[in-house]
Amino acid sequence: MAGKTLYDKLWDDHLVKQRDDGSALIYIDRQLLHEVTSPQAFEGLRLAKRKPWRIDANLATPDHNVPTTDRAKGIEGIVDPVSKIQVETLGKNCDEFGILEFKIMDQRQGIVHVIGPEQGATLPGMTIVCGDSHTSTHGAFGCLAHGIGTSEVEHVLATQCLVQQKMKNMLVKVNGELGKGVTGKDVVLAIIGKIGTAGGTGHAIEFGGQAIQNLSMEGRMTICNMAIEAGARVGMVAVDGTTIEYVKGRPFAPKGDAWDAAVKYWRTLHSDVDAVFDKVVELDGAEIMPQVSWGTSPEMVADVTGNVPDPAKEEDPIKREGIERALKYMGLRPNQAITDIKLDRVFIGSCTNSRIEDLREAAAVVKGRKVAGSLKQAMVVPGSGLVKAQAEAEGLDRIFIEAGLEWRDPGCSMCLAMNADKLGEGEHCASTSNRNFEGRQGFGGRTHLVSPSMAAAAAISGHFVDVRELLN
Amino acid sequence: MRAFTQHKGLVAPMDRSNVDTDMIIPKQFLKSIKRTGFGPNLFDALRYLDEGQPDQDSSKRPLNPDFVLNQPRYRNASVLLARSNFGCGSSREHAPWALDDYGFRVIIAPSFADIFYNNCFKNGLLPIVLEEKIVDKLFQDAEALEGYQLTVDLEAKTVITPAGESFGFEVDDFRRHCLLNGLDDIGVTLEDAELIKTYEDQRRQTAPWLFDAGQ
Ligand code: SF4
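Because the structure is a prediction, the values reported are computed rather than measured.

## A closer look at the nonpolar core
Here is step 1: B:F43, B:F86, B:L99 and B:I108 are the most contacted members of the largest nonpolar core, which totals 112 residues.
Here is step 2: Counting residues per element, this core draws most heavily on helix α15 (residues 452–461) of chain A, which supplies 7 residues.
Here is step 3: With residues up to four places along the chain from it excluded, the contact list for B:F43 reads B:M14, B:V19, B:M23, B:I24, B:F67, B:L69, B:L80, B:F86 and B:L99.
Here is step 4: Within the second largest apolar cluster, 99 residues are counted, among which are A:L123, A:I148, A:M217 and A:Y246.

## Digging into the interface of chain B and chain A
Here is step 1: Each side of the interface is counted separately: chain B has 61 residues, and chain A has 77 residues.
Here is step 2: A buried area of about 5800 Å², summed over both sides, lies between chain B and chain A, and 56% of it is on carbon and sulfur atoms.
Here is step 3: Considering only the side of chain B, the residues that lose the most area to chain A are B:K27, B:K31 and B:W209, jointly responsible for 14% of the buried surface there.
Here is step 4: Our count for the contact surface shared by chain B and chain A stands at 7 salt bridges.
Here is step 5: Residue A:D29 pairs with B:R203 through a salt bridge whose shortest N-O separation is 3.1 Å.
Here is step 6: Connecting chain B to chain A are 34 residue pairs in polar contact (both at pLDDT 80 or more).
Here is step 7: For the side of chain B that touches chain A, the secondary structure elements donating two or more residues are α3 (94–102), α4 (114–121), α6 (173–181), α7 (185–190) and α8 (193–206) of chain B.
Here is step 8: Residues of the side of chain B that touches chain A, tallied by class, amount to 19 nonpolar, 15 polar and 27 charged.

## Considerations on the sheet that holds strand β12 (residues 279–284) of chain A
Residue and element names in this part refer to chain A.
Here is step 1: The sheet built from 4 strands is open, its strands ordered β11-β10-β9-β12 with parallel pairing. For this open sheet the edge positions go to β11 (234–236) and β12, each flanked by a neighbour on one side alone. With direction set aside, neighbouring strand axes in the sheet form an average angle of 20 degrees.
Here is step 2: Direction of pairing for strand β9 (residues 168–175) relative to β12: parallel, over a ladder of 6 bridges. Within β12, the residue paired with K173 across the bridge is E282.
Here is step 3: Along the sheet, helix α6 (residues 184–195) contacts β9, β10 (203–208) and β12; its crossing angle with β12, the most-contacted strand, is approximately 125 degrees.

## What about the sheet that holds strand β2 (residues 79–81) of chain B?
All names here are of chain B.
Here is step 1: Taken in spatial order, the 7 strands line up as β4-β3-β2-β1-β5-β6-β7 in an open sheet, and their pairing is mixed. The sheet is open, and its two borders are formed by β4 (126–129) and β7 (166–168), each paired with just one other strand. Taken over all neighbouring pairs, the strand axes of this sheet differ in orientation by 25 degrees on average, direction set aside.
Here is step 2: Note: strand β1 (residues 6–13) against β2, 3 bridges, orientation parallel. Bridging across to β2, A12 finds its partner in L80.

## Remarks on the domain arrangement of chain A
All names here are of chain A.
Here is step 1: Entries for chain A in the domain assignment read domain 1 (1–288) and domain 2 (291–466).
Here is step 2: Taking only C-alpha atoms, the centre of domain 1 and the centre of domain 2 are 24 Å apart.
Here is step 3: Opposite the 44 residues of domain 1 that make contact, domain 2 presents 42 residues.
Here is step 4: Both sides of the domain 1 and domain 2 interface together cover about 3300 Å² of buried area, and 56% of this is carbon and sulfur.
Here is step 5: Among the residues domain 1 hides against domain 2, the three largest losses belong to T68, I111 and E218. Together they make up 20% of the total.
Here is step 6: Counting across the interface, domain 1 meets domain 2 through 1 salt bridge.
Here is step 7: The residue R435 makes a salt bridge to E229 at a minimum N-O spacing of 2.5 Å.
Here is step 8: Listed by contribution, the elements that provide at least two residues to the side of domain 1 that touches domain 2 are α3 (81–97), α4 (112–119), α6 and α8 (217–225).
Here is step 9: In terms of residues, the side of domain 1 that touches domain 2 owes the most to one element, α6, which gives 6 residues.

Reading the values: the criteria
- Residues numbered from 1 in each chain as written.
- Chains lettered and ligands numbered in written order.
- Predicted model: local features only at pLDDT ≥ 70, side-chain atom pairs only at ≥ 80, totals over all residues.
- Heavy atoms only, no water.
- Core = buried A, V, L, I, M, F, W, Y, C linked by side-chain atoms within 4.5 Å.
- Buried < 20%, exposed > 50% of the residue type's maximum accessible area, 1.4 Å probe, protein only.
- Helix = DSSP H or I, 4+ residues; strand = E, 2+ residues; numbered from the N terminus.
- Contact = heavy atoms within 4.5 Å.
- Buried area = accessible area lost by both parts, 1.4 Å probe.
- Salt bridge = Lys/Arg side-chain N within 4 Å of Asp/Glu carboxyl O.
- Polar contact = N/O pair within 3.5 Å; in protein donor to acceptor, adjacent residues only side chain to side chain.
- Nonpolar A, V, L, I, M, F, W, Y, C, P; charged D, E, K, R; others polar.
- Pairing = 2+ DSSP bridges.
- Axes fitted to C-alpha atoms, helices over the stretch in contact; angles between N-to-C directions.
- Domains from an automatic or database assignment.

Below, the structure written as structure tokens:
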């Protein structure tokens, strides 16, 4: 019999019941909650007079609606009354049911996918869910982690289980070493460019190969974060020494004997050498260049040295129309050089790229330089209060501010513009977030997805440039 | 949950692939803490010419005449015909809530994004996957014939055209069962509460670090 994949192992370890009809009950170790997708779930519990099954499995924080300025005002600083009600509702629900919440004034508050790993609330081998598609981020720890809808948030609150069908196994292998200035973000954008936004649909993707193994935990999180942009609810990386080193000493991580027992188990969390995958895709890490998205879907990416495509050259009529529509929305010309795209704003942040290494990477590029005068705004939004404090301890805030970037308080911010941070109509933004959908960052806004160092380089130049030239 | 057995309704063809959930219901409407009332803002940015705001009376807003749902012949459509990878992007269940609130009961496409597909079943909405060739044909017919209706039979797992052609579709048994009977799946799961407790007790022994951490 063939060996097991990492996904098979995690699935088997959490299987409560296999039903005859092919569905299964899977036990959930951790649920993360935020203000946008939880209110209707709590309301459902109340209406059905149900109680949460296991309170300590839940951890909550507001992130989508929180303002990134004037944090000292707390909830009162939320200008939009509807946003404010949502954040207050999360607080009331957590208080009522006794769920631990990092509230808006807590230094541990931040984007759910940043704070889970930061606290050690994300541990290898867990099943983790959240009413948010980027829950795939946590798979970087050898977890089975995926986004769910609000009805399922309620289901997990009430039963600690999810009804699931087993997915197929897919391996994305990035061989060799990455070139200088090429980051996890470029790797994942290149993968999506290759397999498309539905390339992983129905599959759990494991990312492997030397280039992935060489990445830090934060780089791996960036990659797993965007598995959903390749259509896969689940992205994973096997546990290794890097994983264990990262988890050690975090507030929720086991200590003493429990730590040793945990590590022994975690060491088994990798695919067996003879495991069989339903689908395998390989990339050569050395060939990956810094990436820039030019269109309105994350698969619409190009090398920074490349050009916007010409729809006339596309044979598939549906794809051709997609390209034409995207170019019209983005205000770009066929064959235009990527480096000719001028920018109005730069956003460094989001659950994809707002961790300390991302900020260090961006700071290294802007240090001693100035933001281009043609830019309306360039902002840096750390992923959590603790990331912010760490960056300030390292003096990164000074570097950003001196270069002319704004230094903000933690939250989702302009990743989806539910708070006050947004793009104006027709504005181009170099953004380290994960979605370039129409209107994502503001009505009529034009998003280009890039790595933190590419965003920083664009801030300095006012248009896209190959960051590798600035690093020399 | 509302049960779904059979449905016959007018078809609206939305000829665009990769329709994401941001497009189905833009973020400014996610601030609501309710499950209802999203219908007027379904496809908001495509449907209206201005930028919509929550708590606004959408009946007075300028409509985009080019958008399919604004064409009089598709008024009261309840079957949405769509292209591949429908519902990609964010996990927001507000997307099926908005489709449902607008009046859709069935969505037919060559493929759906996983989370969206799953969310539909929780809300009495039936997503149907049909082969690309068949979807192409339905697009042609729906555009050619005004008043084109389809009949969907979940029990028999078929889509039937006005000409009497019948196309079978797949749907897994558990979801079909819940939808046919309008079952609350939390209730179904809780029938196995003892099994869950047994599993949990075992896990407390084998992986104690997963319990009461950081409290
Ligand atoms: S940062 Fe963006 S993608 Fe991440 S959780 Fe927040 S809104 Fe979603």
